[in-house]
Amino acid sequence: MSKWAVIACDQFTSDESYWSKVESFVGESRSALRITLPEIYLEKDNVDSRIAAVNETMKAYLDEGIFRTLENAFVYIERTQPDGRIRRGILGRVDLEEYDYRKGADTLVRATEGTVLSRIPPRVKIRRNAPLELPHVMLLADDKENVLFATLDEKKDTFEKVYDFDLMMGGGHIVGYRLPADQTERILAAQETLMGGKDNPLLFAVGDGNHSLATAKECYTLLKQSIGEEKAKNHPARYALVEAVNIHDAALDFEPIYRVIFDCDTEELKKDLKAHFEAADNNAFFEYVTKEGREQIPMTLAEGQLIVGALQDYLDEWLKAHPAARVDYIHEEGETVALAQKDHAAGFLFTGMGKADLFPAVAASGSLPRKTFSMGVSRDKRYYLEARRITEH
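Residues numbered from 1 in each chain as written. Predicted model: local features only at pLDDT ≥ 70, side-chain atom pairs only at ≥ 80, totals over all residues. Heavy atoms only, no water.

Student: In this structure, what is going on with the pattern of salt bridges? I would like to understand it.
Tutor: Proximity of charged atoms lets side chains of opposite charge pair with each other. Within the structure shown, the criterion is met by 31 salt bridges. With a closest N to O distance of 2.4 Å, Asp253 and Arg85 form a salt bridge. Taken together, the positions of Asp253 in the loop between β11 (239–246) and β12 (254–256) and Arg85 in the loop between β2 (75–80) and β3 (86–95) put the pair 168 residues apart, joining distant regions of the chain. The class of Arg85 is partly exposed, set by a relative accessible area of 28%. Note that Lys224 and Glu97 form a salt bridge whose closest N and O atoms lie 3.3 Å from each other. (Salt bridge = Lys/Arg side-chain N within 4 Å of Asp/Glu carboxyl O. Helix = DSSP H or I, 4+ residues; strand = E, 2+ residues; numbered from the N terminus. Buried < 20%, exposed > 50% of the residue type's maximum accessible area, 1.4 Å probe, protein only.)

Dropping the structure here:
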């Protein structure tokens, strides 16, 4: 199982050494690595053949009967993070009819960040012919009273354990328990409690995997257009496999997602940043990092504005004017600083938002600037482990 489970595809996107080590560790073993596509390969010339290989391997794994099917099951997850803290989650399926990634949506499940529409088609290409989905989507519940997870920890020894192993590459440990029918009913009732009869309740906010869930929605929308709404109602692609987590879980941290610009003139970029942001009434700053050192660049924020939002808005426009440059989004300060030591590279470090600000911000404004926060550091992310069939045959 340690060779099977692989970290989410959108991690270590500028660190080929990480994925080389994964390849070496997995070797010839069956692995989720063979039925997912790490995003570091999305821009490679052989991406189409990689996608075809993913789909063929999915079919081969199904034909070989390597999966055990748990019908109509929730799985209670205890993830021991690398720092030793235990994060709790519930694996289940979410109804895509109750989810909308568009800004201002009033569905039960909503995106937390602006969806970049150009990022959906390549992911649709991966999913549209896939018989399986493997989840790295994590949904957040604003569950102050912990009604979703009540009694699960104390009763877990009476549940059937379905997996228990160390995760590769320093990802910690994971245990999963199949929940019995009475707990399934209790959790479904707890969701009703969380909605509390509110108008336009926000039950779940997407914490990780915004674009993956948006891709599932887009594929389902295309399916409805193809087979008709009536047939689509009972199609497995109407749903997506996700893990739900309580935003108030003590083991869940919000970390900033930093930026690194590659293939740029770092002095020109610094000059442009200062010309744009420096003013007499500066009330915030970010750090500009290159191999020459680190420098604070002051900026002025309006009430309620986030550093990451103001910075991203400017970088979007700057990148349009400098098409040879590219940006990547990095989840750890150390990795950001290391990448910024490369020639023609610049990193951006800044303070992030708090967990308590998320649900009010999404409810008020619809979504946050993209890549605003990360739930923990890279190795805390969800690993591809469980799978769900999304075709009828």
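Student: Which parts of the structure should I look at to understand helix α1 (residues 16–26)?
Tutor: For an α-helix, 3.6 residues make a turn, and residues three or four places apart therefore share a direction. Among all positions of α1, only Tyr18, Trp19, Val22 and Val26 are buried. Considered in projection along α1, the buried side chains sweep an arc of 90° and stay on one side of the axis. For α1, the exposed residues lying more than 90 degrees away from the buried face are Lys21 and Ser24. Residues of α1 that are buried make contact with β1 (6–7) and β19 (383–384). (Arc of directions from axis to C-beta. Contact = heavy atoms within 4.5 Å.)

Student: Got a minute to help me understand unusual backbone geometry in this structure?
Tutor: Generally, phi is negative for residues other than glycine and the peptide bonds are trans, each holding for most cases. One non-glycine residue, Asn200, lies in the positive phi region at around 50°. By the secondary structure assignment, Asn200 is in the loop between α5 (181–195) and β10 (204–208). Positive phi values are uncommon outside glycine, yet His344 reaches one of about 60°. By the secondary structure assignment, His344 is in the loop between α10 (333–339) and β17 (345–349).

Student: I'm lost on the sheet that holds strand β9 (residues 173–178) in this one. Help?
Tutor: What holds strands together in a sheet is hydrogen bonding between their backbones, with the strands either parallel or antiparallel. Read across the sheet, nine strands follow the order β4-β5-β10-β7-β11-β3-β2-β9-β8 without closing on themselves; strand pairing throughout is mixed. Looking along the sheet, the strands with just one partner apiece sit at the ends: β4 (99–100) and β8 (160–166). In the sheet, strand β7 (residues 138–141) pairs with β11 via four bridges, with the strands oriented parallel. Among the inter-strand pairings, Leu139 is bridged to a residue of β11, identified as Ala244. (Pairing = 2+ DSSP bridges.)

Student: Just to check I follow, could you spell out the nonpolar core for this structure?
Tutor: Nonpolar side chains tend to gather and get buried jointly when the protein is soluble and globular. The biggest cluster of nonpolar side chains holds 40 residues, and the ones touching the most others in it are Tyr99, Val109, Leu139, Leu148, Phe204 and Leu213. When residues of this core are traced back to their parent elements, those giving at least two are β3, α3 (120–127), β7, β9, α5, β10, α6 (210–227) and β11. Counting residues per element, this core draws most heavily on α6, at six residues. (Core = buried A, V, L, I, M, F, W, Y, C linked by side-chain atoms within 4.5 Å.)

Student: I would appreciate a short explanation of the state of the cysteines in the present structure.
Tutor: Where two cysteines share a covalent bond between their sulfur atoms, that bond is called a disulfide. Summed over the entire model, instances satisfying the criterion amount to zero disulfides. No disulfide involves Cys219; its sulfur sits 14 Å from that of Cys9, the nearest cysteine. (Disulfide = S-S within 2.5 Å.)

Student: Would you mind going over the packing of aromatic side chains with me for this structure?
Tutor: For the coordinates displayed, the defined rule picks out 13 aromatic pairs. For the ring pair Phe277 and Phe286, a centre distance of 5.6 Å and an interplane angle of 80° mean the geometry is edge-to-face. Between Tyr288 and Phe348, the aromatic rings sit 5.5 Å apart at their centres with planes inclined by 70°, giving edge-to-face as the arrangement. Linking Tyr288 in strand β14 (residues 284–290) with Phe348 in strand β17, this pair joins segments that are 60 residues apart in sequence. As far as burial versus exposure is concerned, Tyr288 and Phe348 are alike and both buried. (Phe/Tyr/Trp six-rings, centres within 6.5 Å; stacked < 30°, edge-to-face > 60°.)

Student: How should α5 be read in this particular structure?
Tutor: Here α5 spans 22 Å end to end across 15 residues, near enough to the 21 Å set by a 1.5 Å rise per residue. Considered for burial, the residues of α5 that qualify are Gln183, Thr184, Ile187, Ala190, Gln191, Leu194 and Met195. For α5, the angular spread of the buried residues around the axis is 140°, confining them to a single face. Facing away from the buried side of α5 by more than 90 degrees, the exposed set consists of Ala181, Glu185, Glu192 and Thr193. In this structure, the buried residues of α5 make contact with β3, β7, α4 (152–155) and β10. Backbone geometry just downstream of α5 places Gly196 in the positive-phi region, at approximately 55°. (Expected span 1.5 Å × (residues − 1).)

Student: Quick question: what am I supposed to make of the packing of α3 against α6 here?
Tutor: Packed helix pairs are specified by the crossing angle of their axes together with the interaxial distance, meaning the distance between the axes. With their axes 9 Å apart at the nearest point, α3 and α6 run at an angle of 65° to one another. One element, α3, and the other, α6, form an angle in the roughly perpendicular class. With respect to the hand of their crossing, α3 and α6 are arranged in right-handed fashion. Touching Ile120, Arg123, Val124 and Arg127 of α3 are His211, Ala214, Thr215, Ala216, Glu218, Cys219 and Leu222, all from α6. (Axes fitted to C-alpha atoms, helices over the stretch in contact; angles between N-to-C directions. Parallel < 35°, antiparallel > 145°, perpendicular 65-115°, else oblique. Left-handed = near helix turned anticlockwise from the far one by under 90°.)

Student: Just checking my understanding: could you explain the sheet that holds strand β13 (residues 258–262) for this structure?
Tutor: If you walk across this open sheet you meet the five strands as β15-β14-β17-β13-β16, and the pairing is antiparallel. Each edge of the open sheet carries a strand with a single partner, namely β15 (293–299) and β16 (326–330). On average, adjacent strands in this sheet sit at an angle of 25° to one another, irrespective of strand direction. As defined by bridge partners, β14 adjoins β15 across seven bridges and the pair is classed as antiparallel. Within the sheet, the bridge partner assigned to Phe285 lies in β15 and is Pro298. Where helix α9 (residues 307–321) meets the sheet, its contacts fall on β13, β14, β15, β16 and β17, and the angle it forms with β13 comes to roughly 15°.

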